Amino acid sequence: MEISGKHALVTGAGAGIGRATVIALVQKGAKVVAADINEDGLKETAALAQQAVSGANVVTVKADVSTAAGVRAMFASATAAFGGLDIVHNNAGLICGEPLWPEASLEKISAVIAVNLGGVAMGTQEAIKALRARGGGAIVNTASVAALQAMPTDPVYSATKVGVVRIVESCAGFAAEGIRVNAVLPGMVDTDMTMKQTGDGTRPAAWLAPVIASTVMLTAEDIAVAVIALIEDDTAVGQAKIVGNVGRDYK
Ligand SMILES: NC(=O)c1ccc[n+]([C@@H]2O[C@H](COP(=O)([O-])OP(=O)(O)OC[C@H]3O[C@@H](n4cnc5c(N)ncnc54)[C@H](O)[C@@H]3O)[C@@H](O)[C@H]2O)c1
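About the criteria used
- Residues numbered from 1 in each chain as written.
- Predicted model: local features only at pLDDT ≥ 70, side-chain atom pairs only at ≥ 80, totals over all residues.
- Core = buried A, V, L, I, M, F, W, Y, C linked by C-beta atoms within 7 Å.
- Buried ≥ 20, exposed ≤ 12 C-beta atoms within 10 Å, placed from the backbone.
- Helix = DSSP H or I, 4+ residues; strand = E, 2+ residues; numbered from the N terminus.
- Near = placed C-beta within 6 Å.
- Expected span 1.5 Å × (residues − 1).
- pLDDT = per-residue confidence, 0-100.
- Contact = placed C-beta atoms within 7 Å.
- Pairing = 2+ DSSP bridges.
- Axes fitted to C-alpha atoms, helices over the stretch in contact; angles between N-to-C directions.
- Arc of directions from axis to C-beta.

## Things to note about the nonpolar core
Reasoning step 1: Of all hydrophobic cores here, the largest spans 73 residues; its most connected members are Val22, Val32, Ala34 and Ala35.
Reasoning step 2: Considering every element that reaches this core, the biggest residue donor is helix α4 (residues 106-132), with eight residues.

What follows is the structure in structure tokens.
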């Protein structure tokens with residue numbers, strides 16, 4: 001798919017991978033709706049997009065993807081912003097962090113499932129309907145390499161990412177309508193999620209610190225490159241595209 005001139009929605013766009021994807025999309029000539037629960041983060045993303053591309057067309061929408069009402073309102077705003085959507089990147093995510101399983105609060109577990117799995121499930125469904133109205137398009141959902149193996153420190157996060165992969169694989173048939181649904185599976189990326197949220201909100205988890213010290217961390221921009229490639233590659237259907245780190249073991 002040629003991205004230039006297309007209309008895109010990116011969730012979790014107030015930071016990290018979502019922000020990098022917004023910037024990559026405007027650099028490719030797309031008009032972008034940047035959605036997140038964090039309004040300050042969205043303002044920063046919009047400013048950075050302007051820095052990257054003067055006159056970049058970015059509309060920010062405060063949205064909570066963990067609720068049906070939030071997803072419905074987000075798609076209503078996003079489709080109204082430019083008159084329909086061609087590209088949707090369901091990317092918002094949370095991790096349980098510390099205290100680790102089985103001490104994590106039930107509220108935290110519930111929130112991680114609601115955002116990572118519920119948000120992507122609802123976001124994929126609404127995206128298919130929105131793209132259908134335009135005769136096709138591309139959906140990229142952010143999973144994780146945590147979908148590929150057991151994750152004793154955060155089984156709930158891992159399980160939600162398995163679910164994201166399965167949703168994508170289950171939606172391969174929509175390619176017949178010109179709607180391609182794919183997933184990107186990042187390894188360990190240098191974002192707030194890894195560097196703060198895996199721990200107590202200010203630092204990486206204690207178990208993760210030695211892994212971070214011994215690995216080459218990916219950047220959010222590395223993942224945005226993979227997202228763009230999945231959008232542009234018309235042969236990519238139901239793929240789970242791994243973007244791994246060199247020389248590291250996710251466990
Ligand atoms: N950082 C990594 O190492 C890594 C690895 C694999 C997968 N991922 C996945 O990449 C995605 C992006 O993560 P990131 O690393 O950029 O983290 P991040 O914390 O920098 O960004 C996540 C964004 O999601 C937003 N968000 C959280 N809950 C939301 C909600 N209810 N509604 C709307 N937005 C909400 C946050 O406000 C934040 O801006 C996530 O799905 C994450 O699971 C990250």
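Now that the structure has been shown, the text picks up again.
## Overview of the site of the ligand
Reasoning step 1: As a structural note, the neighbourhood of the ligand is formed by 31 residues, with Gly12, Gly16, Gly93, Thr191 and Met193 the closest of them.
Reasoning step 2: Considering every element that reaches the shell around the ligand, the biggest residue donor is helix α6 (residues 192-197), with four residues.

## Digging into helix α1 (residues 16-27)
Reasoning step 1: Taking 1.5 Å of rise per residue, the twelve residues of α1 would be expected to cover 16 Å, and the 17 Å separating its terminal C-alpha atoms lies within 8% of that figure.
Reasoning step 2: Most of α1 sits inside the fold, with eleven of its twelve residues counted as buried.
Reasoning step 3: Residues Gly16, Ile17, Gly18, Arg19, Ala20, Thr21, Val22, Ile23, Ala24, Leu25 and Val26 constitute the buried set of α1.
Reasoning step 4: Positive backbone phi, approximately 95 degrees, marks Gly29, located one or two places after α1.

## Structural notes on the confidence of the model for the protein chain
Reasoning step 1: The share of residues in the protein chain with pLDDT of 70 or more is 98%, and the mean pLDDT across the chain is 95.
Reasoning step 2: Contacts for the low-pLDDT stretch residues 247-251, under 50 throughout, to residues beyond four places or in other chains number eleven contacts.

## Description of the sheet that holds strand β2 (residues 31-36)
Reasoning step 1: In spatial order, the strands read β3-β2-β1-β4-β5-β6-β7; together these seven strands make up an open sheet with parallel pairing. Each end of this open sheet is capped by a strand with a single partner; those strands are β3 (58-62) and β7 (240-243). Within this sheet the neighbouring strands show an average axis-to-axis angle of 20 degrees, counted without direction.
Reasoning step 2: Sheet topology places strand β5 (residues 137-142) next to strand β6 (residues 179-186); six bridges connect them, and they run parallel. Bridging across to β6, Asn141 finds its partner in Ala183.

## Focus on helix α2 (residues 39-52)
Reasoning step 1: Between its first and last C-alpha, α2 extends 20 Å over 14 residues, near the 20 Å set by a 1.5 Å rise per residue.
Reasoning step 2: Among all positions in α2, only Gly41, Leu42, Thr45, Ala46 and Ala49 are buried. End-on view of α2: buried residues confined to an arc of 140 degrees, all on one side of the axis. Pointing more than 90 degrees away from the buried face of α2 are the exposed residues Asp40, Ala47 and Gln51.
Reasoning step 3: Buried residues along α2 sit in contact with α1, β2 and β3.

## A short note on the environment of Ile139
Reasoning step 1: Within the secondary structure layout, Ile139 lies in strand β5.
Reasoning step 2: Owing to 28 C-beta atoms within 10 Å, Ile139 belongs among the buried residues under this scheme.
Reasoning step 3: Between the C-alpha atoms of Ile139 and Leu9, which are 130 residues apart in sequence, the distance is 9.5 Å.
Reasoning step 4: Beyond its immediate stretch of four places on either side in the chain, Ile139 contacts Val88, Thr124, Ala127, Ile179 and Val181.

## What about the environment of Gln239?
Reasoning step 1: Among the secondary structure elements, Gln239 is positioned in the loop between α8 (220-232) and β7.
Reasoning step 2: Taking the C-alpha atoms as reference points, Gln239 and Ala69, separated by 170 residues in sequence, lie 29 Å from one another.
Reasoning step 3: In this view, Gln239 contacts Asn182, Ala183 and Leu230; residues no more than four positions away in its chain are not counted.

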